[in-house]
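# Notes for the structure review
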Amino acid sequence: MSTPASPAAPASAPLVAVREVQKHFGDHHVLKDVDLDVARGEVVVIVGPSGSGKSTLCRCLNRLETITSGTITIDGVPLPSEGRGLADLRAEVGMVFQSFNLFAHRTVLDNVALAPHIVSKVPLKKAREEGLALLDRVGIADKADRFPGELSGGQQQRAAIARALAMKPKLMLFDEPTSALDPEMVSEVLDVITSLAEEGMTMVVVTHEMGFARRAADRVIFMDDGRIVEDTTPERFFTHAESDRARAFLSKILAH
């Protein structure tokens, strides 16, 4: 007998709620008293220096990393530790990584259609039809029958985004999605992510692309040394950052 699905949280409740989260890697204290809410339809962009805990926080949101203490809930449900609950969470929370993580021996379309067919039991014909529509949405429908190795880095990352969207997630996580790309490929990926933001997808994006953060974010989170130092609007962050640490970070990164 299948376990009934947990009821969704009220629409007014945050989709993501992080409370007093601590994360240690051995003696290294990576996340320190992190509190964060993400509302439905909100785009939260996390920025900060290397080693500040940005990617670790992102990976904790779908339990790729386990927290040491504190709580994380998605749609009112605490993150499950293992088993079917964790698989269900991963189906509802899409993630796009720095590296594309595509199956090299399968076509681009197969990469997109596989999880809906196997995990969600979508008939293969329908999964492929929906997958092709998603590839069209990210601008690479003409690459459906190619293998990942035949695509540029930007095209592979757009295929990875389509693959994550194929599970119809309620939340999308992006962990430095453009950091492995050549500069000329960055904009094509950011354009896709921006279009998702405009369509109302709830997203948490870890990035060093300040132009994207300013343009697409509803909120900017600045992290340093494992803590959230600023949580504000893009306009305020880029023009009137409150902390000395954020101002120093911006003066360095915007000077290039």
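Just so it is clear, the model here is predicted, and its values are computed rather than measured.

### Regarding the overall build of the protein
Counting secondary structure elements, the protein contains nine helices and 10 strands. Buried residues in the protein amount to 50% of all 256 residues. Excluding contacts between residues fewer than 6 apart, the proportion of contacts in the protein whose partners are at least 24 apart in sequence is 66%. Of the roughly 12,300 Å² that the protein leaves accessible, carbon and sulfur atoms contribute 51%.

### So, the pairing of strand 7 (residues 171-175)
Across the five residues of strand 7, five count as buried, placing the element largely inside the fold. Side chains Leu 171, Leu 173 and Asp 175 of strand 7 all project onto a buried face; the interleaved residues Met 172 and Phe 174 project onto the opposite face, where all are buried too. Pairing of strand 6 (residues 93-96) with strand 7 involves four bridges; the strand directions are parallel. From the neighbouring strand, Gly 94 faces strand 7, where its bridge partner is Met 172.

### Details of the sheet that holds strand 1 (residues 16-25)
Strands pair in a sheet through their backbones, by hydrogen bonds, and they do so in one of two ways: parallel or antiparallel. Read from one edge to the other, the open sheet built from four strands follows the order 2-1-4-5, with strand pairing classed as antiparallel. Each edge of the open sheet carries a strand with a single partner, namely strand 2 (28-38) and strand 5 (77-78). In terms of strand pairing, strand 1 meets strand 2 through seven bridges, oriented antiparallel. Each bridged residue has a counterpart across the sheet, and for Phe 25 the counterpart in strand 2 is His 28.

### Thoughts on the pattern of salt bridges
All told, the structure shown has 20 salt bridges when counted by the stated rule. In this structure, Arg 59 and Glu 65 form a salt bridge, with 3.6 Å as the shortest nitrogen-oxygen distance. Arg 59 sits in the partly exposed class, given a relative accessible area of 25%. On the basis of relative accessible area, Glu 65 is assigned to the buried category, the value being 19%. Salt-bridge contacts for Lys 170 lead to Asp 75; the nearest nitrogen and oxygen are separated by 2.7 Å. In this pair, Lys 170 sits in the loop between helix 5 (153-165) and strand 7 while Asp 75 sits in the loop between strand 4 (69-74) and strand 5, placing the two residues 95 residues apart along the sequence. Residue Lys 170 is classed as partly exposed on the basis of its relative accessible area of 27%. Taken together, the salt bridges that share partners define one network made up of Arg 40, Asp 75, Glu 92 and Lys 170.

### Digging into helix 9 (residues 244-253)
Every buried residue belonging to helix 9 is among Ala 246, Phe 249 and Leu 250, and all of these are buried. Angular distribution of buried residues about the axis of helix 9 spans 95°; they occupy a single face of the element. Among the exposed residues of helix 9, those pointing more than 90 degrees away from its buried face are Asp 244 and Lys 252. Contact partners of the buried residues in helix 9: strand 3 (43-47), helix 7 (210-216), strand 9 (219-224), strand 10 (227-232) and helix 8 (234-240).

### Details of the side chain of Asp 175
Along the chain, Asp 175 turns up in strand 7. Not counting residues within four places of it along the chain, the set of residues in contact with Asp 175 comprises Ser 55, Cys 58, Arg 59, Met 95, Val 96, Phe 97, Gln 98 and Val 206.

### Considerations on the UniProt feature "domain: ABC transporter" (unreviewed entry) in the protein
Here the UniProt feature "domain: ABC transporter" (unreviewed entry) sits at residues 16-250. What you have in residues 16-250 is 39% helix and 25% strand, and the ends, taken at the C-alpha atoms, are 27 Å apart.

### Re the packing of aromatic side chains
The full count for this structure, using the stated rule, is three aromatic pairs. Aromatic ring contacts, followed pair by pair, group Phe 222, Phe 237, Phe 238 and Phe 249 into a single cluster.

### Notes on helix 4 (residues 124-137)
Along its 14 residues, helix 4 runs 20 Å from first to last C-alpha, staying within 8% of the 20 Å computed at 1.5 Å per residue. Considered for burial, the residues of helix 4 that qualify are Ala 127, Gly 131, Leu 134 and Leu 135. An end-on view of helix 4 places all buried positions within 100° of arc, on one side of the element. Looking at helix 4, the residues exposed on the side facing more than 90 degrees away from the buried face are Lys 125 and Asp 136. Next to the buried residues of helix 4 lie helix 3 (108-118) and helix 5. A positive phi of about 85° marks Gly 139, the residue just after helix 4.

### A few points about unusual backbone geometry
You will see that Glu 20, though not glycine, has its phi angle at about 50°, which is positive. Glu 20 gets classed as exposed once you look at its relative accessible area, which sits at 56%.

Calculation criteria
- Residues numbered from 1 in each chain as written.
- Predicted model: local features only at pLDDT ≥ 70, side-chain atom pairs only at ≥ 80, totals over all residues.
- Heavy atoms only, no water.
- Helix = DSSP H or I, 4+ residues; strand = E, 2+ residues; numbered from the N terminus.
- Buried < 20%, exposed > 50% of the residue type's maximum accessible area, 1.4 Å probe, protein only.
- Contact = heavy atoms within 4.5 Å.
- Areas by Shrake-Rupley, 256 points an atom, 1.4 Å probe, with all protein chains shown as cover.
- Pairing = 2+ DSSP bridges.
- Salt bridge = Lys/Arg side-chain N within 4 Å of Asp/Glu carboxyl O.
- Arc of directions from axis to C-beta.
- UniProt positions renumbered as here; feature names shortened; annotations may be inferred.
- Phe/Tyr/Trp six-rings, centres within 6.5 Å; stacked < 30°, edge-to-face > 60°.
- Expected span 1.5 Å × (residues − 1).

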